[in-house]
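Structural overview for review
One-letter residues, chain by chain:
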Amino acid sequence: MSAEPETADASPPPAPARRGWPALRPLVLRLHFYAGVFIAPFLLVAAFSGLLYAASFQAEKMVYAEELRVPEGERELPLRDQIAAARAAHPEGELSAVRPSPEPGATTRVLLAGVDGIDPEHTLAVFVDPYTAEVRGSLEQYGSTGALPLRTWIDKLHRDLHLGQPGRLYSELAASWLWVIAAGGLLLWFTRRRAQRAVRGTTGRRRALGLHGTVGAWVAVGLIFLSATGLTWSTYAGQNVTELRTSLGQLTPEVDAGAAAGGEHAEHGGHAGHGGDGGDGAGHVHDHGVDGSTPGGIDLDTALAAARSEGLTNPVEILPPADASSAYVVRQIQRSWPEKQDAVAVDPSSGVVTDVVRFEDFPVLAKLSRWGIDLHTGILFGLPNQILLGSLALSLMFLIVWGYRLWWLRGRGSAFGRPLPRGAWRAVPLSLGLPLLAVVALVGWFVPLLGLSLLAFLAVDIVLGALARRRAGRAGEGEGERAGAVRG
């Protein structure tokens with residue numbers, strides 16, 4: 001998303017006597033230009049994979065319609081019968097969780113962990129007709145939103161290019177710079193004279209600049225939002241966000257049921273070191289009966305009835321006790337508006353609710369994190385949310401193409417344009433430069449990949465500047481020697 005300066009922007013930096021925005025503009029322009037040129041390839045990949053992910057929710061419904069939907073019946077069978085049918089068809093692994101049919105015509109998911117051939121962080125979802133207990137199929141499932149293979153594959157493409165932890169650095173680098181580029185472009189566009197923002201009636205470079213700036217201004221807030229929310233589950237910046245929330249007492253509360261706990265960042269990546277899932281119950285296994293009951297205790301139907309008495313409506317997920325000292329956990333898993341995230345713990349011997357966590361009681365930052373993540377992933381408002389995300393992704397791709405075209409149009413013939421002149425930082429007065437440097441240092445520490453890559457940019461720029469001055473000095477000496485020879 002590199003900006004194309006007007007002719008005046010290519011001139012030497014303004015005199016140090018300037019104050020405020022006139023002194024900062026050349027610096028912002030240079031940063032926007034170079035960040036756009038070098039980070040744009042990462043952003044292009046993130047935008048394209050994000051576009052695919054936004055479309056994956058609707059594609060998933062079509063591709064897996066056989067497993068997800070059944071003809072509506074008159075009465076649903078007890079969960080114990082549905083679980084028994086799933087276990088008869090798939091005796092492998094251990095019962096991890098059950099997601100009862102959330103609406104008429106939807107299948108029940110019986111989730112099995114520890115199945116050979118299934119990623120340890122994933123589960124095998126067995127789809128059961130709730131009216132007949134017919135097993136409709138089985139698929140590998142990932143994350144708290146129940147992503148099936150198609151969406152899981154696209155999610156990993158967006159998250160790490162299927163390269164694992166090293167690949168996650170690409171997405172964190174893109175998210176780290178996206179807000180800087182978008183905010184810088186917004187400042188540059190709105191500080192231009194109105195006549196220079198026109199698109200209608202312009203051609204060539206002026207038209208490309210008008211389109212780049214106008215579209216960028218319209219989508220800047222959305223891009224900044226995607227950057228900020230994406231960083232919350234990145235490897236390094238995400239860990240800093242978690243530590244900040246911990247210090248402020250703003251972590252997401254969890255129902256007290258021993259080892260039964262989930263994570264809000266399970267879908268779309270998760271924080272490094274948090275495991276992969278936490279949202280589908282992978283690893284939450286114990287010695288249960290074929291119908292999910294505990295020896296000498298209640299079954300999942302009784303646990304669900306206890307949760308219903310506390311107001312937990314569909315959709316829900318039921319996790320059997322992790323061990324002899326743990327309770328059943330029943331939690332709502334609706335991530336669309338309005339959010340349903342209440343959870344209860346149910347004593348496996350008596351069926352009494354022992355703990356309740358309400359979404360309305362979540363700390364402010366926990367709620368904002370939940371809403372932000374679900375808006376980022378296209379869940380919060382369903383199809384309109386996904387269309388908006390797709391539009392933002394397409395806009396970013398066009399902005400990158402226009403940005404490179406602007407760079408090309410600054411050149412001569414078939415060469416890309418000249419880089420912006422160095423020395424913009426020298427035009428910033430100390431009274432403005434020192435606070436700015438402190439802010440940049442703080443942001444760079446909190447968002448490490450931004451800070452490290454910015455230092456790399458500066459180091460390369462300093463080296464190139466020194467080489468240019470050295471070449472210029474040698475050229476000057478050569479000219480002096482030639483002039484002396486002529487005079488002699």
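Preceding this paragraph is the structure being described.
Residue numbering note: each chain is counted from 1, following its sequence as written. For a predicted model such as this one, the threshold for reporting local features is a pLDDT of at least 70, and the threshold for listing and counting side-chain atom pairs is 80 or more; totals across whole chains, interfaces and linings nevertheless cover every residue. Side-chain measures here rest on the full set of heavy atoms in the structure, leaving out hydrogens and waters.

1. Focus: the environment of Lys340
Secondary structure follows DSSP: runs of H or I at least 4 residues long count as helices, runs of E at least 2 residues long count as strands, and numbering of each begins at the N terminus. Here Lys340 shows up in the loop between β6 (328-332) and β7 (343-346). Given the relative accessible area of 22%, Lys340 is considered partly exposed. Between the C-alpha atoms of Lys340 and Thr313, which are 27 residues apart in sequence, the distance is 8.3 Å. The contact rule is simple, with two residues in contact once any of their heavy atoms fall within 4.5 Å. Excluding anything up to four places from it in sequence, Lys340 contacts Thr313, Asn314, Gln332, Ile333 and Gln334. Polar contacts involving the side chain of Lys340 include one to the side chain of Thr313, which spans 3.1 Å. When accessible area is computed with a 1.4 Å probe and restricted to protein chains, residues below 20% of their type maximum are described as buried, those above 50% as exposed, and intermediate ones as partly exposed. Identification of polar contacts relies on pairs of N or O atoms within 3.5 Å, with a donor-acceptor requirement for protein atoms, meaning one able to donate a hydrogen and the other able to accept it, and with residues adjacent in sequence counted only if both atoms are side-chain atoms.

2. A short note on unusual backbone geometry
In this structure, Pro315 follows Asn314 across a cis peptide bond, with omega equal to -5°. On the secondary structure map, Pro315 appears in the loop between α8 (300-309) and β5 (316-319). The omega torsion across Trp337 and Pro338 is -5°, close enough to zero to call that bond cis. In this model, Leu161 sits at a positive phi of 55°, which is unusual for a non-glycine residue. Its location among the elements puts Leu161 in the loop between α4 (149-160) and α5 (165-190).

3. So, the pairing of strand β4 (residues 135-141)
Bridge analysis of strand β3 (residues 123-128) against β4 gives six bridges, and the strand direction is antiparallel. What sits directly across from Leu124, in β4, is Glu140. We treat two strands as partners when DSSP finds at least two bridges between them. Between β3 and β4, which pair antiparallel in sequence order, lie six residues; one of them, Ala133, sits at a positive phi of approximately 65°.

4. Considerations on the layout of surface pockets
Approximately 970 Å³ is the volume found for the second largest pocket. Two kinds of site are reported from a 1 Å grid over the protein atoms alone, namely cavities, where a 1.4 Å probe fits but cannot get out, and pockets, open sets with protein on both sides within 12 Å along at least five of seven lines, and residues are called lining when an atom falls within 4 Å of a point. In terms of lining, the second largest pocket is formed by 31 residues, of which the most central are Lys61, Pro102, Glu103, Arg109 and Thr145. Of all elements in the fold, only α1 (21-63), α2 (65-68) and α10 (382-409) reach the threshold of two or more residues within the lining of the second largest pocket. Counting residues per element, the lining of the second largest pocket draws most heavily on α1, at four residues. Grid points are joined across faces, edges and corners, and a volume is the space filled by probe spheres set on the points.

5. Regarding the packing of helix α6 (residues 204-231) against α10
The axes are straight lines fitted to the C-alpha atoms, using for helices just the contacting stretch, and the angles between their N-to-C directions are given from 0 to 180°. For the pair α6 and α10, the least separation of the axes is 8 Å and the interaxial angle reads 145°. Considering only the axes of α6 and α10, their crossing is left-handed. Residues Gly204, Arg205, Ala208, Leu209, Leu211, His212, Val215, Gly216, Val219, Gly222, Leu223 and Leu226 of α6 lie in contact with α10, whose contacting residues are Leu389, Leu392, Ser395, Leu396, Leu399, Trp402, Gly403, Arg405, Leu406 and Leu409. Gly is placed with the polar residues, together with every amino acid not listed as nonpolar (Ala, Val, Leu, Ile, Met, Phe, Trp, Tyr, Cys and Pro) or charged (Asp, Glu, Lys and Arg). Here the residues of the contact of α6 with α10 sort into 14 nonpolar, six polar and two charged. Here a crossing is called left-handed whenever its near helix is offset anticlockwise from the far helix by less than a right angle, and right-handed whenever the offset is clockwise.

6. Some details on the environment of Leu31
Assignment of secondary structure puts Leu31 in helix α1. When its relative accessible area of 34% is taken as the criterion, Leu31 is described as partly exposed. Linking Leu31 and Ile181, residues 150 residues apart in sequence, is a C-alpha distance of 8.1 Å.

7. Notes on the pairing of strand β2 (residues 108-113)
Extensive coverage of β2 is indicated by the burial of six of its six residues. Neither face of β2 is left uncovered, since the one carrying Thr108, Val110 and Leu112 and the one carrying Arg109, Leu111 and Ala113 both have all their residues buried. With five bridges connecting them, strand β1 (residues 94-99) and β2 associate as antiparallel partners. Among the inter-strand pairings, Val98 is bridged to a residue of β2, identified as Val110. Taken together, the five bridges between β2 and β3 define a ladder with antiparallel strand orientation. Looking at the pairing, Arg109 lines up with Phe127 of β3.

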